[in-house]
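This is what each chain is made of:
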Amino acid sequence: MLKEVTATRYVTPLREGGSLPGIVEADDLGTYVMKFTGAGQGRKTLVAEVICGQLGRRLGLRVPELVAMQLDPVIGLGEPDQEVQELLKASGGLNLGMDFLPGSLGFDPLAYEVGAAEAGRIVWFDALINNVDRSWRNPNMLVWHGDAWLIDHGATMIWHHNWPGAEASAAKAYDASDHVLAPFRPDIASAAADLAPLVTEALLTEVAADVPDEWLVDEPGFDSTDAVRRAYVAALLPRAATIHERLTLDAPTKNRPSQAPGWLTEHVTPWPHPTKKNSGGEGR
Ligand SMILES: Nc1ncnc2c1ncn2[C@@H]1O[C@H](COP(=O)(O)OP(=O)(O)O)[C@@H](O)[C@H]1O
Ligand SMILES: [Mg+2]
């Protein structure tokens, strides 16, 4: 189980992201980035955050600590912003908290160098969890005290949106050409050799056990929350052993999308370019 804390004060919304997470203080005197069950993306985003975040931490990657946060919507009563009010009202009960990294900066691939070994581990991990949300447009990485940290694992494991097709979906390839770390010569072979053996059924079962029951109940096609947990394990376990064989990583210069998003076109000539992170509705 995740450590459980209770939210005591809503501080401010984080508007860079798509899901309107907020900075929240808790009764353990910690400050957290809170992701709300009532957000439009739904509870599966939070399940993905827990399974992938905890898995990343267990594999030795830098992911801020995760907690389960109890929210009494009453703490939002004085909130002037209607959108925030409604989000808090819709999110009573357990939400997800991630340790807030004060003073962190958004990762900029032109300003921060990542070694081939670390890049390999992160790209391999993203291939395993099928993360489509660590691109140069939207890195979902922070630099804090000189180290790169991974955040935002909500848009992963696409197979959990269609369980009957999960086995086939989890067997699919991963195209890392757009990955923010693609230009850093990720050493995938070493990462796979080091990390794949660690992704055992026992580890995945432990990680799945960290997901609160509340976010797994009444999943269509399953008769218990533990059956849902087993489905996550069953999708990730075989993928860990073989995904490095199905991971494509084209030379970065070929990868620049032919049609850059509108807000980029006026700025970008060479690729990669420091991203205007999450502006213009690209962020997730
Ligand atoms: N643990 C954290 N510490 C500091 N800032 C964070 C943390 N988590 C998220 N943020 C900030 O909030 C933004 C949105 O968070 P993110 O998890 O990416 O949510 P979304 O799902 O909305 O994209 C990030 O781009 C980052 O600037
Ligand atoms: Mg994000």
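Before reading further, recall that the structure is shown in the block above.
Here's what I pulled together on the structure shown here.

Parameters and conventions
Residues numbered from 1 in each chain as written. Chains lettered and ligands numbered in written order. Predicted model: local features only at pLDDT ≥ 70, side-chain atom pairs only at ≥ 80, totals over all residues. Heavy atoms only, no water. Buried < 20%, exposed > 50% of the residue type's maximum accessible area, 1.4 Å probe, protein only. Helix = DSSP H or I, 4+ residues; strand = E, 2+ residues; numbered from the N terminus. Arc of directions from axis to C-beta. Phe/Tyr/Trp six-rings, centres within 6.5 Å; stacked < 30°, edge-to-face > 60°. Pairing = 2+ DSSP bridges. Contact = heavy atoms within 4.5 Å. Salt bridge = Lys/Arg side-chain N within 4 Å of Asp/Glu carboxyl O. Expected span 1.5 Å × (residues − 1).

**Let's talk about helix α6 (residues 201-209)**
- Within α6 the residues assigned to the buried category are L203, L204, V207 and A208. The arc that holds every buried residue of α6, seen down its axis, measures 130°, which confines them to one face.

**Topic: the packing of aromatic side chains**
- Inspection of the entire model under this criterion finds five aromatic pairs.
- Judged by centre distance (5.6 Å) and plane angle (75°), the rings of W144 and W149 are edge-to-face. For the pair W144 and W149, a shared accessibility class is recorded, and that class is buried.
- Pairing W163 with F222 gives two aromatic rings, centres 5.7 Å apart and planes at 80°, and the pair type is edge-to-face. One end of the pair, W163, is in the loop between β8 (147-150) and α4 (166-170); the other, F222, is in the loop between α6 and α7 (225-242), with 59 residues separating them in the sequence.
- For W163, a relative accessible area of 12% gives the class buried.
- Since its relative accessible area comes to 24%, F222 is described here as partly exposed.

**Some points on the sheet that holds strand β7 (residues 141-144)**
- Spatial strand order, β6-β7-β8: three strands in an open sheet with antiparallel pairing. The outermost strands of the open sheet, each flanked by one partner alone, are β6 (105-106) and β8.
- Alignment of β7 against β8, held across four bridges, turns out to be antiparallel. Considered in β8, the bridge of V143 is made with A148.

**With respect to the side chain of H153**
- Relative to the assigned elements, H153 resides in the loop between β8 and α4.
- Given a relative accessible area of 0%, H153 falls into the buried group.

**Points about the pairing of β7**
- Side-chain alternation along β7 places M141 and V143 on one buried face and L142 and W144 on a second face that is also buried.
- Relative to β7, β6 runs antiparallel, the two sharing two bridges. In the strand pairing of β7, L105 is matched with V143.
- The turn joining β7 and β8, which pair antiparallel and follow one another in sequence, is formed by two residues; a positive phi near 50° is taken by H145.

**A word on the side chain of S91**
- Following the sequence through the fold, S91 ends up in the loop between α2 (82-89) and β5 (93-99).
- In this view, S91 contacts F36, T37, G38 and L71; residues no more than four positions away in its chain are not counted.

**Here's the deal with the pattern of salt bridges**
- Going through the model one piece at a time under the given rule, you end up with 16 salt bridges.
- The shortest N-O distance in the salt bridge between D126 and R134 comes to 2.7 Å. Across the pair, R134 and D126 agree in class, each one buried.
- Members of the salt-bridge network, linked through shared partners, are R15, D81 and E83.

**What to know about α7**
- Under the 1.5 Å per step criterion, the end-to-end length of α7 is 28 Å for 18 residues, consistent within 8% with the ideal 26 Å.
- All of the buried residues along α7 are T225, A227, V228, R229, A231, Y232, V233, A235, L236, R239 and A240.
- In this structure, the buried residues of α7 make contact with α1 (43-58), α3 (116-128), α4, β9 (174-175) and α6.

**A word on the environment of G42**
- Among the structural elements, G42 can be located in the loop between β3 (31-35) and α1.
- With a relative accessible area of 22%, G42 lands in the partly exposed category.
- Sequence-wise, G42 and G154 are 112 residues apart; in three dimensions their C-alpha atoms are separated by 9.9 Å.

**So, the environment of W124**
- Considering the arrangement of structural elements, one finds W124 in helix α3.
- Its relative accessible area of 0% is what places W124 among the buried residues.
- Put simply, W124 and Y174 are 50 residues apart on the chain and 9.5 Å apart in space, counted from C-alpha to C-alpha.
- With sequence-adjacent residues up to four places away left out, W124 is seen in contact with L59, I188, A191, A192, L195, A196, V199, A240, I243, H244 and L247.

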